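Examining the three-dimensional arrangement
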Amino acid sequence: MRTFMAATAAALTLALAPLSAHAHDYKVGALEIEHPWTRATPPGAAAGGAFLIIVNEGTEADTLIGAASPVAGRVELHTMTMDDGVMKMRQIKGGIEISPGDTATLAPGGNHVMLMDLKEQIVTGKTVPLTLTFEKAGSVDIDLAVSPPGAPGPKMNGHGNGSHGHETHDHN
Ligand SMILES: [Cu+2]
């Protein structure tokens, strides 16, 4: 009976998987991760930005403290600032805090996750695994959807943004 129940549960999980993949949202603790995406890279590119929305539905602040991906030698949290009219990126020390009820938007031109020392080319239409680690909620494995090179936003309705590209700057 136990085996039968387990098998049924597994079958149900499989049946539901395409639905959750389509929604492309993830949950860890009180945090909701929405629309994670990245851009296709040219062959030999050293780095690429990854973007997502984090909604804190809980009653305590939490902080995105790190990330990792099998396609990257290391993953950093970055912010972009204007310096003498030039966009510059720098690493965010101490992570990205999300207050209760708040939304952190990681998007081109602003805070983002940076995949550094890329081990493989990121190809349009595939997905890239990424593990996010939060101070309180712990870790969650997500898949980044891959948009074409230079895409201003994830490939979906109503979520485009007019920010400038992120593909031209240099990390070396
Ligand atoms: Cu960056």
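Here, the structure is the one placed above.
My aim in this report is to walk through the structure given alongside it, one point at a time. This is a predicted model, so every value here is computed, not measured. (Residues numbered from 1 in each chain as written. Predicted model: local features only at pLDDT ≥ 70, side-chain atom pairs only at ≥ 80, totals over all residues. Heavy atoms only, no water.)

**What about the coordination of the copper ion?**
At 2.1 to 2.3 Å from the copper ion lie its protein donor atoms, namely His 78 (ND1), Met 89 (SD), His 112 (NE2) and Met 114 (SD). All donors of the copper ion come from a single chain, and their spacing in sequence reads H-x10-M-x22-H-x1-M. Taken together, the residues span a long stretch of sequence, with His 78 in strand 5 (residues 72-83) and His 112 in strand 9 (residues 112-118) at a distance of 34 residues. The two residues His 78 and His 112 agree in class, both being buried. (Donors = N, O, S within 2.8 Å, 3.2 Å for Na, K, Ca; no water. Helix = DSSP H or I, 4+ residues; strand = E, 2+ residues; numbered from the N terminus. Buried < 20%, exposed > 50% of the residue type's maximum accessible area, 1.4 Å probe, protein only.)

**Brief notes about the pairing of strand 6 (residues 86-91)**
Of the strand pairs in this sheet, strand 5 and strand 6 are connected by 6 bridges, and their pairing is antiparallel. Its bridge partner being in strand 6, His 78 is matched across the sheet by Gln 91. Counted between consecutive antiparallel strands, the loop separating strand 5 from strand 6 contains 2 residues, among which Asp 84 sits at a positive phi close to 55°. (Pairing = 2+ DSSP bridges.)

**Describing the pairing of strand 2 (residues 31-39)**
Summarising burial for strand 2: 8 of the 9 residues are buried, a large majority. In terms of strand pairing, strand 1 (residues 25-28) meets strand 2 through 4 bridges, oriented antiparallel. The residue bridging Asp 25 from the neighbouring strand is Glu 34, located in strand 2. Linkage of strand 1 to strand 2, two consecutive antiparallel strands, is achieved through a turn of 2 residues, within which Gly 29 is found at a positive phi near 55°. One ladder, built from 6 bridges, connects strand 2 with strand 3 (residues 48-56); its direction is antiparallel. Residue pairing across strands places Glu 32 opposite Val 55, the latter belonging to strand 3. Sheet topology places strand 2 next to strand 11 (residues 138-147); 3 bridges connect them, and they run parallel. Counterpart to Trp 37 in the pairing with strand 11 is Ala 145.

**Here we look at the packing of aromatic side chains**
The description of an aromatic ring pair rests on the distance of the ring centres and on the angle between the ring planes. Tallied over the entire structure, the rule returns 1 aromatic pair. When the ring of Trp 37 is compared with that of Phe 51, the centres are 4.7 Å apart and the planes differ by 40°; the resulting orientation is tilted. Separated by 14 residues along the polypeptide, Trp 37 in strand 2 and Phe 51 in strand 3 bring together distant segments of the chain. Residue classification places Phe 51 among the buried residues on the basis of a relative accessible area of 0%. (Phe/Tyr/Trp six-rings, centres within 6.5 Å; stacked < 30°, edge-to-face > 60°.)

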